[in-house]
Amino acid sequence: MGGERKMGNKLLAILVLILFLGADAAANQKRPNSCTVCHGDRAVEYAKSIHASVQVTCTDCHGGNERDLEMTAHARRFGFKGNLKDGRPPFTKQEIVFLCSRCHSDTRLMNTYGLPSDQLQQYRVSEHGVALLKRGDRNAASCSDCHGVHTILSVKDPASTVFYKNVPETCARCHSDDRLMARYGISAEIPERYRDGVHGRMLQQENRKDVPNCSRCHGSHGAAPPGVVRVENVCGQCHAKTRQFFDASPHRPAFQARGISQCVSCHDPHYTERADLSYFESRCTSCHEEGSGEYRRAQQIRVLVQETEQELAEVEEILKSARKVGIYVDPYVEQLSEARTRLIEAIPASHSLALEDIERYTSEARGIAADIQIELNTHLGERNLWRYLMLGIWGFILIVVVSLYLQMRRREKELEQEEPVE
Ligand code: HEC
Ligand code: HEC
Ligand code: HEC
Ligand code: HEC
Ligand code: HEC
Ligand code: HEC
Ligand code: HEC
Ligand code: HEC
Ligand code: HEC
């Protein structure tokens with residue numbers, strides 16, 4: 001009798017399985033499996049992932065028998081990889097790396113999706129990879145720490161943990177953890193400083209993709225992004241002009257010989273604040289004494305830029321007063337902004353430390369400003385001349401009118417006197 005009940009249960013289970021598989025297959029054309037019946041919560045999460053959309057199923061990662069509706073679905077002989085008994089997660093962090101890489105290092109498979117297949121290769125040489133795979137340090141990030149497990153999305157999906165704008169938050173999960181970072185002597189303020197800097201603000205508030213997020217500078221998987229040997233050299237990929245001038249400076253060989261970082265010895269890579277002229281004081285005195293030749297050069301550069309700025313500001317004032325008196329100034333506004341552009345170009349040039357480089361731009365800016373000033377002054381002069389002329393004409397008319405009036409009055413009086421009283 002008991003056997004019959006068991007039989008009945010089995011039949012029912014098989015029926016449910018057939019129904020489920022049929023419905024599943026019909027509904028979303030996915031390879032059906034029994035795992036989803038008992039692991040409904042995981043199945044729901046998983047259904048949205050990019051893996052589900054390419055028919056990677058539970059058993060591709062976990063093994064097991066996807067046609068068995070009972071606990072025997074976890075049978076080892078079907079390659080099940082978990083350890084059910086001790087409540088530990090089914091994979092160690094190291095195992096996860098190789099689990100993902102089984103497919104993601106398969107160049108042929110990845111080519112069909114147009115994806116690179118070098119993540120493991122890169123990861124191995126990254127700080128995280130070395131820590132986890134060589135030293136067995138499980139605090140370091142493994143694939144699933146950055147990507148998630150069952151809810152992995154395309155990197156282009158705005159909800160993905162590695163969508164361009166979301167990366168800083170993903171790194172911050174560990175890198176803002178004071179206690180964790182203290183163990184490695186790494187500042188836990190990096191994500192916060194990045195957020196407050198120019199790059200971070202532009203990424204968050206203006207949604208700009210041309211500013212770097214953490215992985216744009218550090219690389220997504222490797223120790224540095226493609227084409228960059230050391231992360232400190234990454235700045236020049238975007239600030240190309242500044243880089244060119246820096247390369248031509250005496251600092252380039254001097255820094256190289258002494259192992260001094262290039263851009264980051266003057267600019268914080270995370271809190272990238274807007275640089276200004278005060279940098280020629282604060283940044284230089286950290287290595288050169290006040291009064292030294294190098295310091296004097298710094299002040300020469302500062303003065304050159306500052307004086308040009310002042311001249312442009314003066315021209316701006318003249319422009320304003322010209323506009324007030326009704327002179328058509330639009331062409332000069334345009335010229336002035338041209339001069340400003342020249343001055344802005346002098347800033348990257350200042351990285352060469354050569355006065356000639358900077359002078360090239362500042363003197364162009366000054367030239368344009370001087371031209372504007374001359375022309376505007378001529379206009380204003382002409383306008384004044386015209387005003388005096390008009391004033392003279394009106395004065396003349398007034399005098400004529402008044403004298404005519406007086407003459408008329410006199411004439412009237414004379415007439416009154418001449419006329420005899422009857
Ligand atoms: C009859 C229901 C049932 C079916 C069918 C089933 N599971 Fe499970 N699974 C369970 C239960 C119950 C546990 C234990 C839950 C726990 O301990 O948290 C479990 C645990 C697991 C674990 C965790 C193992 C560990 O060591 O931590 C994984 C992974 C897993 N199942 C995957 C699968 C996969 C893959 C399939 C399909 C091949 C599958 N399950 C089918 C009920 C089922
Ligand atoms: C891309 C590989 C992959 C796929 C596909 C996958 N899993 Fe997992 N799963 C993992 C990894 C990795 C872990 C371990 C997570 C951890 O250690 O935090 C895990 C953990 C689990 C666990 C145990 C821990 C937990 O989170 O409860 C269960 C149960 C589970 N998966 C079920 C499923 C089911 C059901 C499916 C199909 C719907 C599925 N998995 C598909 C990789 C995968
Ligand atoms: C069974 C093979 C397989 C396994 C195992 C696997 N993946 Fe994938 N994964 C794929 C395929 C195939 C795609 C391509 C999907 C597409 O582009 O439509 C993909 C896509 C991805 C993407 C999205 C790429 C994009 O287009 O933006 C990420 C991220 C990803 N996988 C991460 C992982 C991680 C992390 C693991 C381990 C937890 C893992 N994968 C395990 C096969 C696999
Ligand atoms: C420290 C975080 C981090 C770790 C660890 C990590 N990834 Fe990524 N991964 C990213 C980021 C960020 C991107 C997005 C890159 C982009 O926008 O182009 C990415 C992109 C991807 C992509 C999409 C294709 C590509 O290469 O751009 C795949 C596939 C992928 N990762 C797989 C893996 C695998 C497999 C591992 C483990 C060996 C892994 N990732 C480890 C952060 C990480
Ligand atoms: C799971 C936690 C975790 C996540 C997520 C994580 N990291 Fe890390 N990271 C660590 C740990 C722990 C170390 C220290 C490893 C060591 O020094 O042995 C580290 C080290 C680093 C280092 C090397 C620091 C040095 O000493 O030079 C860099 C760079 C780094 N992480 C960048 C990132 C970036 C960028 C992201 C996001 C894309 C990220 N990390 C996500 C845990 C994490
Ligand atoms: C503009 C490029 C850039 C961006 C964006 C960036 N970093 Fe860095 N990061 C660097 C450089 C360059 C260094 C090396 C600094 C040095 O040599 O002094 C560095 C160093 C680090 C270190 C090692 C610090 C130490 O004390 O050893 C960690 C960890 C780190 N960055 C994490 C991050 C995280 C997390 C983010 C995102 C919130 C991020 N970085 C964003 C360029 C960048
Ligand atoms: C992915 C490209 C990219 C990388 C890499 C990059 N930057 Fe930037 N950076 C930008 C953009 C874009 C802006 C915003 C320019 C603007 O519109 O004002 C910016 C702005 C800045 C500013 C503020 C500019 C100002 O007007 O005062 C500084 C300083 C700066 N970056 C320094 C660095 C340093 C140092 C590094 C390397 C550690 C670096 N950047 C790496 C793209 C980049
Ligand atoms: C010796 C110190 C020093 C080094 C090294 C240095 N800079 Fe600068 N940087 C400055 C000073 C000073 C200014 C401010 C100039 C100003 O505002 O007049 C500045 C300004 C900037 C600006 C903002 C001005 C602009 O163009 O909008 C950027 C961006 C910049 N530097 C990038 C870099 C990059 C990239 C490198 C590495 C190739 C680098 N810097 C190396 C001192 C330095
Ligand atoms: C990180 C240290 C460091 C900082 C910061 C720094 N310098 Fe230098 N500078 C050097 C070194 C080292 C040399 C090479 C000195 C030598 O070879 O004797 C050098 C050389 C120079 C030279 C060439 C001197 C010559 O006679 O050839 C000038 C000019 C100069 N620096 C100006 C500046 C200015 C301006 C600033 C600030 C914007 C600055 N430096 C910031 C380290 C620094």
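See the structure printed just above.
Residues numbered from 1 in each chain as written. Chains lettered and ligands numbered in written order. Predicted model: local features only at pLDDT ≥ 70, side-chain atom pairs only at ≥ 80, totals over all residues. Heavy atoms only, no water.

Some points on the coordination of the iron atom of ligand 4
- Around the iron atom of ligand 4, the protein contributes the donor atoms H147 (NE2) and H221 (NE2), which lie 2.0 Å from the metal centre.
- Classification of the site at the iron atom of ligand 4 as octahedral follows from its six donor atoms and the range of 87 to 179 degrees in their angles at the metal. With H147 in helix α10 (residues 143-147) and H221 in the loop between α15 (214-218) and α16 (240-247), this residue pair connects regions lying 74 residues apart in the sequence.
- Overall, H147 belongs to the partly exposed group, its relative accessible area being 25%. (Donors = N, O, S within 2.8 Å, 3.2 Å for Na, K, Ca; no water. Tetrahedral: all angles 85-135°; square planar, octahedral: opposite > 155°, others 65-115°. Helix = DSSP H or I, 4+ residues; strand = E, 2+ residues; numbered from the N terminus. Buried < 20%, exposed > 50% of the residue type's maximum accessible area, 1.4 Å probe, protein only.)

Some details on the coordination of the iron atom of ligand 9
- For the iron atom of ligand 9, the protein coordination sphere consists of H251 (NE2) and H288 (NE2), at 2.0 Å.
- Considering all six donor atoms around the iron atom of ligand 9, angles at the metal cover 85 to 179 degrees and the coordination shape is octahedral. Here H288 lies in the loop between α18 (279-282) and α19 (293-324) and H251 lies in helix α17 (residues 251-258), a separation of 37 residues in the sequence.

Description of the site of ligand 3
- With respect to spatial proximity, 19 residues lie near ligand 3, and among them H51, C100, C103, H104 and V155 are the closest.
- The separation between a nitrogen atom of ligand 3 and a polar side-chain atom of H104 is 2.7 Å.
- For ligand 3, an oxygen atom lies 2.8 Å from a polar atom in the backbone of V155.
- With four residues, the top contributor of residues to the shell around ligand 3 is helix α6 (residues 93-104). (Near = heavy atom within 4 Å. Polar contact = N/O pair within 3.5 Å; in protein donor to acceptor, adjacent residues only side chain to side chain.)

Re the site of ligand 4
- By nearness alone, 18 residues border ligand 4, and Q119, C143, C146, H147 and H221 come closest of all.
- One of the side-chain N or O atoms of Q119 is found 3.0 Å from an oxygen atom in ligand 4.
- One of the side-chain nitrogen or oxygen atoms of H147 is found 2.8 Å away from a nitrogen atom of ligand 4.
- For the shell around ligand 4, the secondary-structure elements that each account for two or more residues are α6, α8 (119-125) and α10.
- A class-by-class count of the residues in the shell around ligand 4 yields nine nonpolar, nine polar and no charged. (Nonpolar A, V, L, I, M, F, W, Y, C, P; charged D, E, K, R; others polar.)

Structural notes on the nonpolar core
- Ranked by internal contacts, the top residues of the largest apolar core, which has 29 residues, are V329, I372 and L376.
- Where this core is concerned, the elements lending two or more residues are α19, α20 (330-349) and α21 (355-418).
- For this core, the leading source of residues is α19, giving nine residues.
- Not counting residues within four places of it along the chain, the set of residues in contact with V329 comprises L319, A322, R323 and L376.
- Ranked by size, the runner-up nonpolar core spans six residues in total, among them V97, Y123, L132 and A140. (Core = buried A, V, L, I, M, F, W, Y, C linked by side-chain atoms within 4.5 Å. Contact = heavy atoms within 4.5 Å.)

Thoughts on the side chain of R243
- Structurally, the position occupied by R243 is in helix α16.
- A distance of 3.1 Å separates a polar atom in the side chain of R243 from a polar atom in the side chain of Q262.

Digging into the packing of α19 against α21
- At a closest axis distance of 10 Å, the pairing of α19 and α21 adopts a crossing angle of 20 degrees. When the axis of α19 is compared with that of α21, the two are roughly parallel. Of the two possible hands of crossing, α19 and α21 adopt the one that is left-handed.
- Residue composition of the contact of α19 with α21, by class: 15 nonpolar, five polar and five charged. (Axes fitted to C-alpha atoms, helices over the stretch in contact; angles between N-to-C directions. Parallel < 35°, antiparallel > 145°, perpendicular 65-115°, else oblique. Left-handed = near helix turned anticlockwise from the far one by under 90°.)

A few points about the packing of α20 against α21
- Contact geometry of α20 with α21 gives a least axis separation of 8 Å together with a crossing angle of 165 degrees. The angle between the axes of α20 and α21 places the two elements in the roughly antiparallel class. Like other packed secondary-structure pairs, α20 and α21 cross with a definite hand, here left-handed. Residues Y332, Q335, L336, E338, A339, R342, L343, E345, A346 and A349 of α20 touch α21, and the partners they reach there are D357, I358, Y361, T362, E364, A365, I368, I372, E375, L376 and H379.
- Split by residue class, the contact of α20 with α21 holds 12 nonpolar, three polar and six charged.

Here we look at the environment of P348
- Locating P348 in the fold gives a position in helix α20.
- Expressed as a C-alpha distance, the spacing of P348 and E416, which sit 68 residues apart in the sequence, is 89 Å.
- Every residue in contact with P348, bar those within four places of it in the chain, is listed here: K241, T242 and F245.

Concerning α20
- Here α20 is 20 residues long and its end C-alpha atoms lie 29 Å apart, about the 28 Å a rise of 1.5 Å per residue gives.
- When α20 is considered as a whole, its buried residues turn out to be Y332, L336, A339, R342, L343, A346, P348 and A349. (Expected span 1.5 Å × (residues − 1).)

Looking at the packing of aromatic side chains
- Summed over all chains, the structure comprises one aromatic pair.
- Against the face of Y279 rests R283, its NZ or CZ located 3.9 Å from the ring centre. (Phe/Tyr/Trp six-rings, centres within 6.5 Å; stacked < 30°, edge-to-face > 60°. Lys NZ or Arg CZ within 6 Å of the ring centre and 35° of its normal.)

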